Amino acid sequence: MPTADNLVPIRLDIETEGQRYKDAFTWNPSDPDSEVVVFAKRTVKDLKLPPQFITQIAQSIQSQLTEFRSYEGQDMYTAEKIVPIKLDLRVNHTLIKDQFLWDLNNYESDPEEFARTFCKDMGIEDPEAGPAVAFAIREQLYEIAIQSVASAREIKISNKKGRRGAEHALASKAGGNALDLMKLFRYNSSVVRKRKEWDVYEPIVDILSNEEVDALEAREERNTR
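Here is a short report on the structure shown in this document. Keep in mind that what you see is a predicted model, and the values were worked out from it rather than measured.

**Focus on the overall build of the chain**
- Secondary structure summary: the chain contains six helices and five strands in total.
- Reading the helices (α) and strands (β) of the chain from amino to carboxyl end gives β-β-α-α-β-β-α-α-α-β-α.
- Sorting the 225 residues of the chain into buried and exposed places 38% on the buried side.
- Restricting to contacts in the chain with at least 6 residues of sequence separation, those with at least 24 account for 64%.
- Of the roughly 13,700 Å² that the chain leaves accessible, carbon and sulfur atoms contribute 49%.

**Concerning the sheet that holds strand 4 (residues 94-103)**
- The strand order across the open sheet formed by three strands is 3-4-5, and the pairing between neighbours is antiparallel. Each end of this open sheet is capped by a strand with a single partner; those strands are strand 3 (82-91) and strand 5 (204-207). Strand-to-strand twist in this sheet, taken as the mean axis angle between neighbours without regard to direction, amounts to 15°.
- Here ten bridges tie strand 3 to strand 4, and the two strands are oriented antiparallel to one another. Note on strand 4: the bridge partner recorded for P84 is L101.
- Relative to strand 4, helix 3 (residues 111-122) is tilted by about 130°, and along the sheet it contacts strand 4 and strand 5.

**Remarks on the side chain of D126**
- In this fold, D126 is placed in the loop between helix 3 and helix 4 (129-161).
- Those residues within four positions of D126 in sequence are excluded, and the remaining contacts are V91, N92 and T94.

**Description of unusual backbone geometry**
- Of note, the phi angle at K48 is positive, near 55°, even though the residue is not glycine.
- By the element assignment, K48 lies in the loop between helix 1 (34-47) and helix 2 (52-69).
- K48 gets classed as exposed once you look at its relative accessible area, which sits at 69%.
- One non-glycine residue, N92, lies in positive phi territory at about 55°.
- Mapped onto the fold, N92 is located in the loop between strand 3 and strand 4.

**Points about the side chain of S148**
- Checked against the element boundaries, S148 lands in helix 4.
- S148 sits in the buried class, given a relative accessible area of 0%.
- There is a polar contact of 2.7 Å between the side chain of S148 and the backbone oxygen of I144.

**Some details on a negative patch on the surface**
- On the surface, a cluster of negative charge is made up of D206, E211, E212 and D214.
- Residue contributions to the negative patch peak at three residues, all from helix 6 (residues 210-224).
- On the secondary structure map, D206 appears in strand 5.

**Let's talk about the pattern of salt bridges**
- Using the criterion set out here, one finds seven salt bridges in the structure.
- Residue E112 pairs with R138 through a salt bridge whose shortest N-O separation is 2.8 Å. Of this pair, E112 sits in helix 3 while R138 sits in helix 4, and the two are 26 residues apart along the sequence. Grouping residues by exposure puts E112 and R138 together as buried.
- Salt bridges linked by common partners bring R90, E217 and E220 together as one network.

The rules behind the values
- Residues numbered from 1 in each chain as written.
- Predicted model: local features only at pLDDT ≥ 70, side-chain atom pairs only at ≥ 80, totals over all residues.
- Heavy atoms only, no water.
- Helix = DSSP H or I, 4+ residues; strand = E, 2+ residues; numbered from the N terminus.
- Buried < 20%, exposed > 50% of the residue type's maximum accessible area, 1.4 Å probe, protein only.
- Contact = heavy atoms within 4.5 Å.
- Areas by Shrake-Rupley, 256 points an atom, 1.4 Å probe, with all protein chains shown as cover.
- Pairing = 2+ DSSP bridges.
- Axes fitted to C-alpha atoms, helices over the stretch in contact; angles between N-to-C directions.
- Polar contact = N/O pair within 3.5 Å; in protein donor to acceptor, adjacent residues only side chain to side chain.
- Patch = residues over 30% accessible without salt bridge, like charges linked within 9 Å, V, L, I, M, F, W, Y side chains within 5 Å.
- Salt bridge = Lys/Arg side-chain N within 4 Å of Asp/Glu carboxyl O.
- Lys, Arg positive; Asp, Glu negative; His and termini not counted.
- Charge placed at Lys NZ, Arg CZ, Asp CG, Glu CD.

As structure tokens, this is what we get:
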């Protein structure tokens, strides 16, 4: 991961015995696996969930950690080193929309520090907003990394088949599925944007009323079903 701390974005969405538990957080893959069960037990105890949740929470976290670790040591290839990150999330009553460029070459970058600065600059007071912003950034960087590894593997396979195949893979994958997020922007060859695109990069923060939150939650629930 092109960040200072190699943290795994973990998403949980578990439902059993009529109760549902959803959460999103980051996990240090260097921590011993025994901590996963400890975390699951503490979560179930704190939230007063049925004991059956312990196994399901632990298994979900472990499977995501296993997938993350499967990419360790893999070559990462990207045609673009500056990639767009898009925020479109709601944290309680706060609606956040923004998009900006992220440097994949900077392995000292810190999504958590970026999120803290962002919330301070935008006057966001909800303490849950910062972690949510940082998680959204890490999740997108992880997806880019996975797609990049997949492209690198295809290029290696093409190299074995011949130089012509390799050249074709480089040409097609450089701007293809390895960085689908780049399709959000027309001028992806430069970090300098035209004046008409300036408003695209302007962050938007809205505070929603109780009625608006209820309507959004009802819509999200319908989409989930």
